[in-house]
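Chains, contacts and geometry: an overview
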Amino acid sequence: MDFKSELLHGGAKGDAETGALSVPIFSASTYNQKDPSKRQAYDYSRSGNPTRASLEEYVAALERGHSAFAFASGMAAIGSVLTGLLSAGDHLVAPLHLYGGTHRFITQFLKKFAVNHSFADFRSVESVKAAIRPETKVILIETPSNPLMQVTDIKAVIALAKSRGIYTVFDNTFLTPLLFRPIEHGADVVVHSATKFLGGHSDLIAGIATAANKEVASKIYFVQNGFGAVLSPENSWTLIRGIKTLSARLNAEEQSARIIAEELTKRKYIAEVRYPGLVSHEGHELLKSYSSGFGAVLSFRVDSMATLDRIIKNVKLMAVAVSLGGVESILSWPAKMSHAAIPAAERAALGITDDWLRLSVGLEAPEDLLKDLDTAAV
Ligand SMILES: Cc1ncc(COP(=O)(O)O)c(C=O)c1O
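Cut-off values and rules
Residues numbered from 1 in each chain as written. Predicted model: local features only at pLDDT ≥ 70, side-chain atom pairs only at ≥ 80, totals over all residues. Heavy atoms only, no water. Helix = DSSP H or I, 4+ residues; strand = E, 2+ residues; numbered from the N terminus. Polar contact = N/O pair within 3.5 Å; in protein donor to acceptor, adjacent residues only side chain to side chain. Contact = heavy atoms within 4.5 Å. Pairing = 2+ DSSP bridges. Axes fitted to C-alpha atoms, helices over the stretch in contact; angles between N-to-C directions. Near = heavy atom within 4 Å. Areas by Shrake-Rupley, 256 points an atom, 1.4 Å probe, with all protein chains shown as cover. Nonpolar A, V, L, I, M, F, W, Y, C, P; charged D, E, K, R; others polar. Domains from an automatic or database assignment. Buried area = accessible area lost by both parts, 1.4 Å probe. Buried < 20%, exposed > 50% of the residue type's maximum accessible area, 1.4 Å probe, protein only. Parallel < 35°, antiparallel > 145°, perpendicular 65-115°, else oblique. Left-handed = near helix turned anticlockwise from the far one by under 90°.

**Notes on the side chain of T107**
Within the secondary structure, T107 is located in helix α4 (residues 100-112). Here H103 takes part through its backbone oxygen, which lies 2.8 Å from a polar atom of the side chain of T107. Those residues within four positions of T107 in sequence are excluded, and the remaining contacts are H117 and F119.

Right, dumping it as C-alpha coordinates:
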(Lines give C-alpha, C1' and ligand atoms only; values in the text may rest on other atoms or scores of the structure.)
Protein backbone atom coordinates (compact mmCIF):
# COMPACT_ATOMS: atom_id res chain seq x y z
CA MET A 1 0.00 0.00 0.00
CA ASP A 2 1.22 3.50 -0.77
CA PHE A 3 1.98 5.50 2.39
CA LYS A 4 -0.81 7.91 1.39
CA SER A 5 -3.34 5.07 1.65
CA GLU A 6 -1.67 3.72 4.76
CA LEU A 7 -2.30 7.04 6.51
CA LEU A 8 -6.01 6.32 6.09
CA HIS A 9 -6.24 2.55 6.20
CA GLY A 10 -3.03 1.24 7.68
CA GLY A 11 -3.60 1.61 11.40
CA ALA A 12 -6.18 4.17 12.53
CA LYS A 13 -9.09 2.04 13.58
CA GLY A 14 -12.68 3.26 13.74
CA ASP A 15 -15.24 1.75 16.04
CA ALA A 16 -15.95 -1.95 15.43
CA GLU A 17 -19.24 -1.85 17.34
CA THR A 18 -20.96 0.96 15.43
CA GLY A 19 -18.93 1.02 12.21
CA ALA A 20 -17.98 4.66 12.86
CA LEU A 21 -14.92 5.62 10.80
CA SER A 22 -13.57 7.59 13.71
CA VAL A 23 -12.49 6.09 17.03
CA PRO A 24 -14.68 7.16 19.99
CA ILE A 25 -13.24 9.49 22.62
CA PHE A 26 -13.14 7.38 25.77
CA SER A 27 -12.96 10.12 28.36
CA ALA A 28 -12.92 7.57 31.17
CA SER A 29 -10.42 7.62 34.03
CA THR A 30 -11.31 4.14 35.29
CA TYR A 31 -12.84 0.87 34.07
CA ASN A 32 -15.18 -1.63 35.64
CA GLN A 33 -13.13 -4.70 36.54
CA LYS A 34 -15.40 -7.72 36.53
CA ASP A 35 -12.69 -9.92 38.01
CA PRO A 36 -9.96 -7.84 39.66
CA SER A 37 -7.76 -10.92 40.10
CA LYS A 38 -7.31 -11.00 36.30
CA ARG A 39 -5.53 -8.32 34.28
CA GLN A 40 -7.80 -6.72 31.71
CA ALA A 41 -6.80 -4.47 28.82
CA TYR A 42 -7.75 -1.25 30.64
CA ASP A 43 -7.91 -0.50 34.35
CA TYR A 44 -6.88 3.17 34.69
CA SER A 45 -6.34 5.76 31.95
CA ARG A 46 -2.84 6.83 32.99
CA SER A 47 -1.80 3.22 32.34
CA GLY A 48 -3.85 2.84 29.16
CA ASN A 49 -6.82 4.40 27.37
CA PRO A 50 -8.56 3.00 24.26
CA THR A 51 -8.47 6.30 22.31
CA ARG A 52 -4.81 6.84 23.17
CA ALA A 53 -4.09 3.19 22.36
CA SER A 54 -5.68 3.66 18.94
CA LEU A 55 -3.35 6.60 18.26
CA GLU A 56 -0.34 4.68 19.59
CA GLU A 57 -1.04 1.64 17.39
CA TYR A 58 -1.54 3.92 14.39
CA VAL A 59 1.79 5.72 14.84
CA ALA A 60 3.69 2.51 15.68
CA ALA A 61 2.52 1.08 12.34
CA LEU A 62 3.45 4.23 10.39
CA GLU A 63 6.91 4.36 12.00
CA ARG A 64 7.46 0.59 11.51
CA GLY A 65 8.01 0.30 15.25
CA HIS A 66 7.17 -2.24 17.92
CA SER A 67 4.93 0.14 19.88
CA ALA A 68 4.33 3.84 20.43
CA PHE A 69 3.57 6.00 23.46
CA ALA A 70 1.64 9.27 23.38
CA PHE A 71 2.55 12.11 25.69
CA ALA A 72 1.17 15.50 26.70
CA SER A 73 3.87 17.33 24.68
CA GLY A 74 6.91 16.72 22.54
CA MET A 75 9.11 17.60 25.51
CA ALA A 76 7.24 15.07 27.67
CA ALA A 77 7.97 12.43 24.99
CA ILE A 78 11.66 13.38 24.74
CA GLY A 79 12.02 13.68 28.52
CA SER A 80 10.30 10.35 29.14
CA VAL A 81 12.43 8.55 26.54
CA LEU A 82 15.70 10.01 27.81
CA THR A 83 14.92 9.36 31.47
CA GLY A 84 13.77 5.86 30.55
CA LEU A 85 17.03 5.03 28.75
CA LEU A 86 19.51 6.90 30.96
CA SER A 87 20.53 6.52 34.61
CA ALA A 88 22.83 8.51 36.90
CA GLY A 89 26.42 8.24 35.65
CA ASP A 90 25.39 7.62 32.04
CA HIS A 91 26.38 9.93 29.21
CA LEU A 92 24.46 11.29 26.22
CA VAL A 93 25.74 12.70 22.92
CA ALA A 94 23.49 15.30 21.32
CA PRO A 95 23.79 17.68 18.37
CA LEU A 96 25.16 21.16 18.93
CA HIS A 97 22.24 22.32 16.80
CA LEU A 98 19.25 21.18 18.78
CA TYR A 99 15.76 22.43 19.62
CA GLY A 100 16.15 24.89 22.52
CA GLY A 101 13.77 23.04 24.85
CA THR A 102 15.68 19.77 24.39
CA HIS A 103 18.95 21.65 24.99
CA ARG A 104 17.49 22.98 28.26
CA PHE A 105 16.26 19.51 29.26
CA ILE A 106 19.72 18.01 28.71
CA THR A 107 21.82 20.78 30.21
CA GLN A 108 19.62 21.68 33.18
CA PHE A 109 17.26 18.77 33.93
CA LEU A 110 19.31 15.65 33.15
CA LYS A 111 22.36 17.26 34.73
CA LYS A 112 20.46 17.50 38.05
CA PHE A 113 20.19 13.71 37.95
CA ALA A 114 23.89 13.17 37.18
CA VAL A 115 23.40 12.29 33.51
CA ASN A 116 26.26 13.91 31.63
CA HIS A 117 26.30 15.07 28.05
CA SER A 118 28.53 16.20 25.21
CA PHE A 119 27.44 18.16 22.18
CA ALA A 120 28.89 17.27 18.79
CA ASP A 121 28.74 18.69 15.28
CA PHE A 122 26.45 16.12 13.66
CA ARG A 123 27.51 17.19 10.17
CA SER A 124 30.64 15.15 10.88
CA VAL A 125 30.50 11.55 12.07
CA GLU A 126 34.08 12.02 13.33
CA SER A 127 32.85 14.72 15.70
CA VAL A 128 30.14 12.35 17.01
CA LYS A 129 32.72 9.58 17.41
CA ALA A 130 35.04 11.90 19.35
CA ALA A 131 32.23 12.80 21.77
CA ILE A 132 31.50 9.16 22.71
CA ARG A 133 32.70 7.99 26.14
CA PRO A 134 32.73 4.48 27.63
CA GLU A 135 29.58 5.41 29.59
CA THR A 136 27.68 6.82 26.58
CA LYS A 137 24.23 5.20 26.45
CA VAL A 138 22.30 7.39 24.00
CA ILE A 139 22.99 9.36 20.84
CA LEU A 140 20.23 11.87 20.10
CA ILE A 141 19.76 12.87 16.46
CA GLU A 142 17.74 15.79 15.09
CA THR A 143 17.89 16.47 11.37
CA PRO A 144 17.48 18.74 9.48
CA SER A 145 18.58 20.90 12.39
CA ASN A 146 16.56 23.76 13.72
CA PRO A 147 16.89 26.53 12.53
CA LEU A 148 19.93 26.24 10.24
CA MET A 149 18.73 23.09 8.49
CA GLN A 150 22.00 21.19 8.78
CA VAL A 151 21.84 17.56 7.62
CA THR A 152 23.25 14.54 9.46
CA ASP A 153 24.64 11.42 7.84
CA ILE A 154 22.20 9.27 9.79
CA LYS A 155 23.37 5.98 8.28
CA ALA A 156 26.93 6.62 9.51
CA VAL A 157 25.80 7.80 12.96
CA ILE A 158 23.43 4.84 13.47
CA ALA A 159 26.15 2.40 12.33
CA LEU A 160 28.59 4.01 14.76
CA ALA A 161 26.08 3.75 17.64
CA LYS A 162 25.33 0.11 16.82
CA SER A 163 29.03 -0.78 16.77
CA ARG A 164 29.33 0.61 20.35
CA GLY A 165 26.03 -0.74 21.74
CA ILE A 166 24.58 2.78 22.12
CA TYR A 167 20.86 3.58 21.70
CA THR A 168 19.89 6.06 18.98
CA VAL A 169 16.94 8.36 19.60
CA PHE A 170 15.76 10.27 16.56
CA ASP A 171 13.71 13.48 16.76
CA ASN A 172 11.79 13.21 13.48
CA THR A 173 9.55 16.25 14.00
CA PHE A 174 10.68 18.02 10.81
CA LEU A 175 10.48 15.09 8.37
CA THR A 176 7.66 12.92 9.80
CA PRO A 177 7.18 9.26 8.81
CA LEU A 178 5.76 10.43 5.48
CA LEU A 179 9.27 11.45 4.35
CA PHE A 180 11.57 9.39 6.54
CA ARG A 181 11.19 6.42 8.88
CA PRO A 182 14.32 6.17 11.09
CA ILE A 183 13.46 2.72 12.50
CA GLU A 184 13.82 1.28 8.98
CA HIS A 185 17.42 2.52 9.18
CA GLY A 186 18.13 1.01 12.60
CA ALA A 187 17.12 3.77 15.05
CA ASP A 188 15.96 2.52 18.46
CA VAL A 189 13.43 5.26 19.21
CA VAL A 190 11.69 7.94 17.15
CA VAL A 191 10.22 10.95 18.91
CA HIS A 192 8.02 13.74 17.63
CA SER A 193 6.67 16.99 18.76
CA ALA A 194 3.27 15.94 17.39
CA THR A 195 2.28 19.55 18.05
CA LYS A 196 3.90 20.21 14.66
CA PHE A 197 3.33 18.38 11.35
CA LEU A 198 1.60 15.30 12.77
CA GLY A 199 -1.14 17.39 14.41
CA GLY A 200 -0.79 19.91 11.64
CA HIS A 201 -3.38 22.52 12.66
CA SER A 202 -1.74 24.48 15.50
CA ASP A 203 -4.54 23.32 17.77
CA LEU A 204 -2.90 20.91 20.19
CA ILE A 205 0.26 20.17 22.17
CA ALA A 206 1.30 16.52 21.94
CA GLY A 207 4.28 14.21 21.72
CA ILE A 208 4.80 10.65 20.61
CA ALA A 209 7.64 8.18 20.96
CA THR A 210 7.92 4.96 18.94
CA ALA A 211 10.12 2.13 20.13
CA ALA A 212 11.81 -0.18 17.65
CA ASN A 213 11.69 -3.20 19.95
CA LYS A 214 10.19 -4.64 23.13
CA GLU A 215 13.24 -3.84 25.26
CA VAL A 216 13.17 -0.07 24.67
CA ALA A 217 9.35 -0.13 24.63
CA SER A 218 9.23 -1.43 28.20
CA LYS A 219 11.66 1.28 29.37
CA ILE A 220 9.50 4.01 27.79
CA TYR A 221 6.24 2.53 29.09
CA PHE A 222 7.73 2.43 32.59
CA VAL A 223 8.14 6.23 32.49
CA GLN A 224 4.87 6.88 30.64
CA ASN A 225 2.94 5.04 33.34
CA GLY A 226 5.20 5.95 36.27
CA PHE A 227 5.67 9.65 35.53
CA GLY A 228 2.28 9.93 33.84
CA ALA A 229 2.67 12.76 31.29
CA VAL A 230 0.09 11.06 29.06
CA LEU A 231 -1.88 12.57 26.19
CA SER A 232 -5.57 13.10 26.93
CA PRO A 233 -8.19 11.03 25.03
CA GLU A 234 -9.54 14.25 23.44
CA ASN A 235 -6.11 15.29 22.16
CA SER A 236 -5.38 11.71 21.08
CA TRP A 237 -8.48 11.89 18.89
CA THR A 238 -7.50 15.31 17.49
CA LEU A 239 -4.04 13.99 16.69
CA ILE A 240 -5.40 10.94 14.85
CA ARG A 241 -7.51 13.27 12.73
CA GLY A 242 -4.48 15.42 12.00
CA ILE A 243 -2.26 12.52 10.95
CA LYS A 244 -4.83 11.27 8.44
CA THR A 245 -4.21 14.35 6.25
CA LEU A 246 -0.42 14.42 6.71
CA SER A 247 0.43 13.60 3.11
CA ALA A 248 -2.08 16.06 1.61
CA ARG A 249 -0.75 18.82 3.84
CA LEU A 250 2.98 18.17 3.92
CA ASN A 251 3.37 17.45 0.21
CA ALA A 252 1.63 20.73 -0.68
CA GLU A 253 3.56 22.65 1.97
CA GLU A 254 6.86 21.21 0.76
CA GLN A 255 6.09 22.22 -2.81
CA SER A 256 5.45 25.79 -1.68
CA ALA A 257 8.55 25.81 0.56
CA ARG A 258 10.69 24.94 -2.46
CA ILE A 259 9.19 27.78 -4.52
CA ILE A 260 9.57 30.28 -1.69
CA ALA A 261 13.17 29.23 -0.92
CA GLU A 262 14.14 29.61 -4.58
CA GLU A 263 12.44 33.00 -4.88
CA LEU A 264 13.95 34.31 -1.65
CA THR A 265 17.49 33.66 -2.93
CA LYS A 266 16.75 36.39 -5.53
CA ARG A 267 15.57 39.02 -3.04
CA LYS A 268 17.90 41.95 -2.21
CA TYR A 269 16.76 42.10 1.44
CA ILE A 270 17.78 38.48 2.05
CA ALA A 271 21.43 37.68 2.82
CA GLU A 272 21.17 33.87 2.95
CA VAL A 273 18.53 31.15 2.53
CA ARG A 274 18.81 27.71 4.11
CA TYR A 275 16.50 25.01 2.79
CA PRO A 276 17.79 21.47 2.14
CA GLY A 277 15.55 21.24 -0.93
CA LEU A 278 17.76 23.81 -2.66
CA VAL A 279 20.36 22.08 -4.84
CA SER A 280 22.90 24.61 -3.52
CA HIS A 281 22.37 23.42 0.10
CA GLU A 282 25.43 21.42 1.22
CA GLY A 283 23.21 18.68 2.70
CA HIS A 284 20.85 18.38 -0.30
CA GLU A 285 22.25 15.16 -1.76
CA LEU A 286 22.78 13.59 1.67
CA LEU A 287 19.20 14.23 2.79
CA LYS A 288 17.93 13.00 -0.57
CA SER A 289 19.81 9.74 0.00
CA TYR A 290 17.54 8.77 2.91
CA SER A 291 14.48 11.01 2.91
CA SER A 292 11.81 11.14 0.24
CA GLY A 293 11.42 14.88 0.81
CA PHE A 294 12.92 18.00 2.35
CA GLY A 295 10.07 19.21 4.52
CA ALA A 296 8.35 22.56 4.70
CA VAL A 297 10.61 24.58 6.98
CA LEU A 298 13.22 27.02 5.73
CA SER A 299 15.32 29.73 7.32
CA PHE A 300 16.67 32.98 5.98
CA ARG A 301 19.00 35.70 7.17
CA VAL A 302 18.01 39.26 6.36
CA ASP A 303 20.31 42.11 5.29
CA SER A 304 19.85 44.14 8.49
CA MET A 305 18.09 44.16 11.83
CA ALA A 306 15.97 47.03 10.50
CA THR A 307 14.63 44.69 7.78
CA LEU A 308 13.97 41.99 10.36
CA ASP A 309 12.09 44.48 12.48
CA ARG A 310 9.95 45.59 9.52
CA ILE A 311 9.17 42.00 8.49
CA ILE A 312 8.14 40.99 11.99
CA LYS A 313 5.98 44.07 12.49
CA ASN A 314 4.38 44.15 9.05
CA VAL A 315 3.67 40.59 7.84
CA LYS A 316 -0.07 40.06 7.66
CA LEU A 317 -0.68 36.60 6.26
CA MET A 318 1.89 34.65 8.23
CA ALA A 319 1.64 34.47 11.99
CA VAL A 320 4.67 35.65 13.94
CA ALA A 321 4.76 32.88 16.49
CA VAL A 322 6.66 29.97 17.96
CA SER A 323 6.02 26.48 16.59
CA LEU A 324 5.80 25.12 13.06
CA GLY A 325 4.03 22.52 10.98
CA GLY A 326 0.56 24.09 10.97
CA VAL A 327 -1.71 24.72 7.99
CA GLU A 328 -1.21 28.46 8.54
CA SER A 329 2.33 29.68 7.82
CA ILE A 330 4.35 30.60 10.88
CA LEU A 331 7.30 32.98 10.90
CA SER A 332 9.52 32.79 13.94
CA TRP A 333 12.60 34.55 15.25
CA PRO A 334 14.81 31.72 16.59
CA ALA A 335 17.10 33.93 18.72
CA LYS A 336 14.13 35.24 20.69
CA MET A 337 11.77 32.29 20.41
CA SER A 338 12.68 28.61 19.80
CA HIS A 339 16.33 29.07 20.81
CA ALA A 340 15.96 31.72 23.50
CA ALA A 341 16.70 29.01 26.11
CA ILE A 342 20.25 28.67 24.71
CA PRO A 343 22.62 31.27 26.21
CA ALA A 344 23.32 34.15 23.77
CA ALA A 345 27.08 33.49 23.50
CA GLU A 346 26.50 29.80 22.78
CA ARG A 347 23.86 30.69 20.21
CA ALA A 348 26.17 33.13 18.45
CA ALA A 349 28.93 30.48 18.38
CA LEU A 350 26.46 28.16 16.64
CA GLY A 351 25.78 30.76 13.97
CA ILE A 352 22.21 31.32 15.16
CA THR A 353 22.65 35.07 15.07
CA ASP A 354 19.80 37.49 15.73
CA ASP A 355 19.25 38.12 12.01
CA TRP A 356 17.81 34.67 11.20
CA LEU A 357 14.12 34.09 10.64
CA ARG A 358 12.49 30.66 10.24
CA LEU A 359 9.45 30.09 8.09
CA SER A 360 7.16 27.10 8.42
CA VAL A 361 5.26 27.09 5.16
CA GLY A 362 1.55 26.41 5.42
CA LEU A 363 -1.16 25.85 2.84
CA GLU A 364 -1.49 29.43 1.57
CA ALA A 365 -0.53 30.08 -2.06
CA PRO A 366 3.25 30.59 -2.18
CA GLU A 367 2.79 33.75 -4.27
CA ASP A 368 0.73 35.28 -1.46
CA LEU A 369 3.34 34.37 1.14
CA LEU A 370 6.12 35.90 -0.96
CA LYS A 371 4.04 39.04 -1.47
CA ASP A 372 3.47 39.22 2.29
CA LEU A 373 7.24 39.10 2.95
CA ASP A 374 8.15 41.48 0.12
CA THR A 375 5.60 44.05 1.21
CA ALA A 376 6.58 43.78 4.87
CA ALA A 377 10.32 44.06 4.16
CA VAL A 378 10.25 47.52 2.51
C1 LIG B 1 12.35 19.53 16.82
C2 LIG B 1 11.50 19.71 18.05
N3 LIG B 1 11.51 18.76 18.98
C4 LIG B 1 10.76 18.88 20.11
C5 LIG B 1 9.99 20.00 20.35
C6 LIG B 1 9.19 20.09 21.62
O7 LIG B 1 7.86 19.79 21.39
P8 LIG B 1 6.62 20.40 22.22
O9 LIG B 1 6.66 21.88 22.04
O10 LIG B 1 5.43 19.74 21.64
O11 LIG B 1 6.84 20.04 23.64
C12 LIG B 1 9.95 21.00 19.40
C13 LIG B 1 9.11 22.20 19.63
O14 LIG B 1 9.25 23.20 18.97
C15 LIG B 1 10.73 20.87 18.21
O16 LIG B 1 10.74 21.81 17.25
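**Some details on the sheet that holds strand β12 (residues 356-360)**
Read across the sheet, five strands follow the order β8-β9-β12-β11-β10 without closing on themselves; strand pairing throughout is mixed. Bordering the open sheet on either side are β8 (270-274) and β10 (319-320), each of which pairs with just one other strand. Relative to strand β11 (residues 330-332), β10 runs parallel, the two being bridged by two bridges. Of the residues in β11, the one forming a bridge with V320 is L331. Across the sheet, helix α10 (residues 246-264) is in contact with β8, β9 (297-302) and β12; its angle to β9 comes to roughly 15°.

**Comments concerning the site of the ligand**
Taken together, the neighbourhood of the ligand is formed by 13 residues, with M75, D171, S193, T195 and K196 sitting nearest. At 2.8 Å, a backbone N or O of M75 approaches an oxygen atom of the ligand. In isolation the ligand exposes 390 Å². Once the protein is present, 91% of that is buried. Of the residues forming the shell around the ligand, the biggest block, three residues, is contributed by helix α3 (residues 74-85). For the shell around the ligand, the per-class residue count stands at four nonpolar, six polar and three charged.

**What about the domain arrangement of the protein chain?**
When cut into domains, the protein chain gives domain 1 (3-244) and domain 2 (246-377). Interface of domain 1 and domain 2: buried area, both sides summed, is about 3,400 Å²; carbon and sulfur atoms make up 65% of it. Together, L148, L179 and F197 form the three largest contributors to the area buried by domain 1 at its contact with domain 2, with a combined 21%. At the boundary of domain 1 with domain 2, the tally comes to 17 residue pairs in polar contact (both at pLDDT 80 or more). Contributions of two or more residues to the side of domain 1 that touches domain 2 are made by α1 (3-9), α4, α6 (154-163), α7 (176-179) and α9 (233-244). Here the side of domain 1 that touches domain 2 is composed, by residue class, of 18 nonpolar, 16 polar and six charged.

**A closer look at the side chain of S193**
Examined against the element boundaries, S193 turns out to sit in strand β6 (residues 189-193). Assessed through its relative accessible area of 13%, S193 is described here as buried. Engagement of the side chain of S193 in a polar contact is seen with the side chain of K196, the distance being 3.0 Å.

**Here's the deal with the sheet that holds strand β4 (residues 136-142)**
The seven strands lie next to each other as β1-β7-β6-β5-β4-β2-β3, forming an open sheet whose pairing is mixed. Since the sheet does not close on itself, it has two edges, and those belong to β1 (67-71) and β3 (116-120), each with one partner. Recorded for the sheet is a direction-independent mean angle of 20° between the axes of neighbouring strands. Pairing of strand β2 (residues 91-95) with β3 involves five bridges; the strand directions are parallel. For V93, the partnering residue across the bridge sits in β3 and is S118. The strands that helix α2 (residues 50-62) touches are β1 and β7 (207-211); relative to β1, the one it contacts most, it runs at about 130°. Contacts from helix α8 (residues 214-227) reach β1, β5 (167-171), β6 and β7 within the one sheet, and its direction differs from that of β1 by about 20°.

**A few points about the pairing of β12**
Here β12 lies mainly inside the structure; five of its five residues are buried. The alternating pattern of β12 places W356, R358 and S360 and L357 and L359 on opposite faces, both of which are buried. Bridging between β9 and β12 involves five bridges; their strand directions are antiparallel. Counted as the bridge partner of L298 is L359 from β12.

**Quick word on the packing of helix α12 (residues 305-314) against helix α14 (residues 366-377)**
If you want to describe how two helices pack, look at the angle between their axes and the distance between the axes. In contact at an axis separation of 8 Å, α12 and α14 are set at 125° when each is read in the N-to-C sense. Between α12 and α14, the angle falls in the class oblique. Here the hand of the crossing between α12 and α14 comes out right-handed. Counting all contacts with α12, which are made through T307, R310, I311 and N314, the residues of α14 involved are L373, A376 and A377. Each residue belonging to the contact of α12 with α14 can be placed in one class, and the counts come to four nonpolar, two polar and one charged.

**Examining the pairing of β6**
Among the five residues of β6, five are classified as buried, and the element is accordingly described as predominantly covered. Side chains V189, V191 and S193 project from β6 onto one buried face, and the interleaved V190 and H192 project onto a second face that is buried too. Pairing analysis gives three bridges linking β5 to β6, with the strands arranged parallel. Following the sheet pairing, D171 is matched in β6 by V191. With five bridges connecting them, β6 and β7 associate as antiparallel partners. Each bridged residue has a counterpart across the sheet, and for V191 the counterpart in β7 is A209.

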